[in-house]
Number of protein chains: 2
Amino acid sequence: MPRSTRRRPALSHPAAEEIDLYDVLHALSDPTRMTIVRVLRAEPERACGTFPVDVAPSTLSHHFKVLRESGVISQREEANRRFSALRTVDLERRFPGLLDTVLAALARNETGAEATWHG
Amino acid sequence: MPRSTRRRPALSHPAAEEIDLYDVLHALSDPTRMTIVRVLRAEPERACGTFPVDVAPSTLSHHFKVLRESGVISQREEANRRFSALRTVDLERRFPGLLDTVLAALARNETGAEATWHG
DNA sequence: TACGATGTTCGACGAACGACGAAATTGCCG
DNA sequence: CGGCAATTTCGTCGTTCGTCGAACATCGTA
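Residues numbered from 1 in each chain as written. Chains lettered and ligands numbered in written order. Predicted model: local features only at pLDDT ≥ 70, side-chain atom pairs only at ≥ 80, totals over all residues. Heavy atoms only, no water.

A. Looking closely at the relation of the copies chain A and chain B. Note on the copies: chain A fits chain B at an RMSD of 0.0 Å, the axial shift is 0.0 Å, and the rotation between them is 180 degrees. Expressed as an axis order, the relation between the two copies is that of a two-fold axis. Looking at the interface residues of chain A, 97% of them are also at the interface in chain B, so both copies use one shared face. (Least-squares fit on C-alpha atoms with pLDDT ≥ 70 in both. Contact = heavy atoms within 4.5 Å.)

Take a look at the structure:
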């Protein structure tokens, strides 16, 4: 039998008012993490292993931690799966328009001139 | 006599269409560089040494280079001074609303809860 | 109970980052 | 000409970053 209902430490999320802009910008300045955010905007919730990113599981786990501790996403445990979701409401309250603007910029970025020779 | 009218290599600026979002977000994820951007939004142009940041001149020069090569600012030489300006038009064309939204978020960030104990 | 699936933690590694001081460049001015 | 002021370049130091593999934990299920 499990020795306790909750053996793993609770997932740490910053409160909405404590989300730091520099942490958010740093979290969004990585292509792998940005891909996670982009996918997560289309779907309300998604399990960690189902993202179209090409990195090792441990690396992916690291990126989720960065996103979570910066306040960009929240994570919820269910069985041995971990579901992630964008903290759209908290983010909008703290930094109005930021997430939408950055995601719109991301769409522009992919049609930019450097996609031909830079990537 | 000077051996040439232009001895120093020309300052490299990315074209407006080549500005990369990840470079911009990374450039803005540092407090010193963000201070430069904030000051530069209030004034159209300013010499490098006149910014209210507390780092060594060589460090400051490094930050200006990061900002310039990411496309956030432009730099112009005049005598032995170098003037910096925000590339507001190019930025607005490439990523509409991004700069304004981030700077509005910065104002929010400074009145946040973490300013009491985190700074 | 044992296995497989899911995901994390723990080092390790090379690359990049932010910071500095020293030296060099450039141009103005006494 | 000879400083002085502004700024960059170079080398260095310590830290952080992104990545990986190996090991561990948890849960459902055969």
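Back to the text.
B. Here's a closer look at the interface of chain A and chain B. Taken together, the contact between chain A and chain B spans 29 residues of the former and 28 residues of the latter. Around 2,500 Å² of area is buried between chain A and chain B when both sides are counted, 63% of it from carbon and sulfur atoms. Joining chain A to chain B, the criterion identifies zero salt bridges. Where chain A packs against chain B, one counts nine residue pairs in polar contact (both at pLDDT 80 or more). For the side of chain A that touches chain B, the secondary structure elements donating two or more residues are α1 (21–28), α2 (31–42), α4 (88–94), α5 (98–110) and α6 (114–117) of chain A. Sort the elements by how many residues they give to the side of chain A that touches chain B and α5 of chain A lands first, with seven residues. Residue composition of the side of chain A that touches chain B, grouped by class: 15 nonpolar, six polar and eight charged. (Buried area = accessible area lost by both parts, 1.4 Å probe. Salt bridge = Lys/Arg side-chain N within 4 Å of Asp/Glu carboxyl O. Polar contact = N/O pair within 3.5 Å; in protein donor to acceptor, adjacent residues only side chain to side chain. Helix = DSSP H or I, 4+ residues; strand = E, 2+ residues; numbered from the N terminus. Nonpolar A, V, L, I, M, F, W, Y, C, P; charged D, E, K, R; others polar.)

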